[in-house]
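Reading the structure
For reference, the chains in residue letters:
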Amino acid sequence: MSRERPILVTGATGFIAGHVISELLRHGYDVRATVRDSSRADVDHLRAVAREEGYAFDLVEASLDADDGWSEALRGAIAVIHVASPLPKSRPRDPDEVIRPAVDGTERVLRAAIAAGAERVVMTSSIAAVLGGHDLRDGRVRTEEDWSIVERCEPYEASKTLAERAAWEVAAGSELELVTICPGFVLGPLQRAGTNTSMDVVDQLLARTIPAMPHMGFSVVDVRDVAIAHRLALEKVKAAGHRYIVAGDATWLSEIAEILAAEYRPRGYRVPTAELPAFVVRAGALVNPSLRLAVPLLDQPILVSSARARGELGWRRRPMRETVIDAAESLIAFGRAPGRR
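Residues numbered from 1 in each chain as written. Predicted model: local features only at pLDDT ≥ 70, side-chain atom pairs only at ≥ 80, totals over all residues. Heavy atoms only, no water.

Under the definition given, this model contains 2 aromatic pairs. Ring geometry for phenylalanine 185 against phenylalanine 218: centres 4.5 Å apart, planes inclined by 55 degrees, an arrangement best described as tilted. Of this pair, phenylalanine 185 sits in strand 7 (residues 185–187) while phenylalanine 218 sits in strand 8 (residues 217–218), and the two are 33 residues apart along the sequence. Seen from their ring centres, tyrosine 264 and tyrosine 269 are 5.9 Å apart, and the 85 degrees between their planes marks the pair as edge-to-face. Neither tyrosine 264 nor tyrosine 269 differs from the other in exposure class; each is buried. Lying across the ring of tryptophan 147, arginine 165 places its NZ or CZ 4.0 Å from the centre. Across from the ring centre of tryptophan 147, 3.6 Å away, lies the NZ or CZ of arginine 243, which sits over that ring. (Phe/Tyr/Trp six-rings, centres within 6.5 Å; stacked < 30°, edge-to-face > 60°. Helix = DSSP H or I, 4+ residues; strand = E, 2+ residues; numbered from the N terminus. Buried < 20%, exposed > 50% of the residue type's maximum accessible area, 1.4 Å probe, protein only. Lys NZ or Arg CZ within 6 Å of the ring centre and 35° of its normal.)

Let us look at the state of the cysteines. According to the stated counting rule, one finds 0 disulfides in the structure shown. Cysteine 153 forms no disulfide, and the closest cysteine sulfur to it belongs to cysteine 182, at a distance of 13 Å. Of the residues examined, cysteine 153 reaches a relative accessible area of 14% and is grouped as buried. (Disulfide = S-S within 2.5 Å.)

With that settled, the discussion passes to helix 6 (residues 155–172). For helix 6, spanning 18 residues, the distance from its first C-alpha to its last is 26 Å, which sits close to the expected 26 Å at 1.5 Å a residue. All of the buried residues in helix 6 are Pro155, Glu157, Ala158, Ser159, Lys160, Thr161, Ala163, Glu164, Ala166, Ala167, Val170 and Ala171. At its buried positions, helix 6 is contacted by helix 4 (96–116), strand 5 (120–124), helix 5 (128–131), strand 6 (177–183) and strand 10 (243–246). (Expected span 1.5 Å × (residues − 1). Contact = heavy atoms within 4.5 Å.)

This next bit is on the side chain of serine 330. Note on placement: serine 330 falls in helix 13 (residues 320–333). Taking relative accessible area as the criterion, serine 330 reaches 8% and is therefore assigned buried. Not counting the four nearest positions on each side in its chain, serine 330 is found in contact with Gly188, Pro189, Leu190 and Met199.

Our focus in this paragraph is the pattern of salt bridges. Applying the stated criterion across every chain yields a total of 23 salt bridges. For arginine 224, the salt bridge goes to aspartate 326, with nearest N and O atoms at 2.8 Å. With arginine 224 in helix 8 (residues 223–235) and aspartate 326 in helix 13, this residue pair connects regions lying 102 residues apart in the sequence. Connected via shared salt-bridge partners are Asp222, Arg224, Asp225, Arg318, Glu322 and Asp326. (Salt bridge = Lys/Arg side-chain N within 4 Å of Asp/Glu carboxyl O.)

Where helix 4 contacts helix 6, the two axes come as close as 8 Å, and the packing angle between them is 20 degrees. Classified by the interaxial angle, the pair formed by helix 4 and helix 6 is roughly parallel. Crossing angle aside, the handedness with which helix 4 passes helix 6 is right-handed. Mapping the contact onto sequence places Val98, Ile99, Ala102, Val103, Thr106, Glu107, Leu110, Arg111 and Ile114 in helix 4 and Pro155, Tyr156, Ala158, Ser159, Leu162, Ala163, Ala166, Ala167, Val170 and Ala171 in helix 6. Of the residues that constitute the contact of helix 4 with helix 6, the class distribution is 15 nonpolar, 2 polar and 2 charged. (Axes fitted to C-alpha atoms, helices over the stretch in contact; angles between N-to-C directions. Parallel < 35°, antiparallel > 145°, perpendicular 65-115°, else oblique. Left-handed = near helix turned anticlockwise from the far one by under 90°. Nonpolar A, V, L, I, M, F, W, Y, C, P; charged D, E, K, R; others polar.)

Moving on to unusual backbone geometry. Despite not being glycine, arginine 208 has its phi angle at roughly 50 degrees, a positive value. Within the secondary structure, arginine 208 is located in the loop between helix 7 (200–207) and strand 8. Since its relative accessible area comes to 30%, arginine 208 is described here as partly exposed. Despite not being glycine, aspartate 299 has its phi angle at roughly 60 degrees, a positive value.

Structure below.
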């Protein structure tokens, strides 16, 4: 991939997007990034990386729900890394609140990329587009050949599945090269203060906002490793036309809690390690939106394979303990984990 033209990254203020931008700047790329409102965008940490590395970083305003700004955003860009997508903190009353922005925004970005003559789009999908609607207790390891069953999906899973399918359909009628990255459960260090839905799990365990946890499965992946996967997908010629799962081993929430308890209980954090019975979670879900999201995940082991990413991209991931501890340290550093006695 030529470094003479910039890479466009959508959703610069997002957790994954920020790390993708940093990864690109540190590997010799000029980066342009989209935000909804540049006057309110907190990207000083990214400007600092750009200054340190000596590469260009600039912002343009563009929204997934409008055409304005996308032609300017893509002017001269050789490729796009499309990260921006809605991520709800609770189940929406109307699934289209999540689905329509994800699908329409993806179609808008890809069509703008084609019109601008960009060569490749790397899109952030999710294992939610692989696993949704399946009974995961069958013990089968899912791969990139698997797709979620939209009719049985939660709204977020449906949004990721339909958005990725829309991307493949738009790209199929053009010369645009498309690669999709399907991360597991993304944790890792925050780059700035602010909210991030996936990090709420670590935040709540450190703060002990829940006395015990549901028996939920995860496939943890470090946000820094997800960023590396995006860069590799941009650079590897043979990646075009493929989707890649980047995720860790099957893990239960209690295992994440045990890592945190071992490290932070001696420092005064009352990290819970007990598990809630499933019937308690289901009862609590009637009044607690966060628990409502947990119900479909109860007792479901997350078994996915990243063999294709390892073999074709040369992707590797760091140990889960490093990811969990670095995530917790960043939460503490930014004052988001006030659980210490």
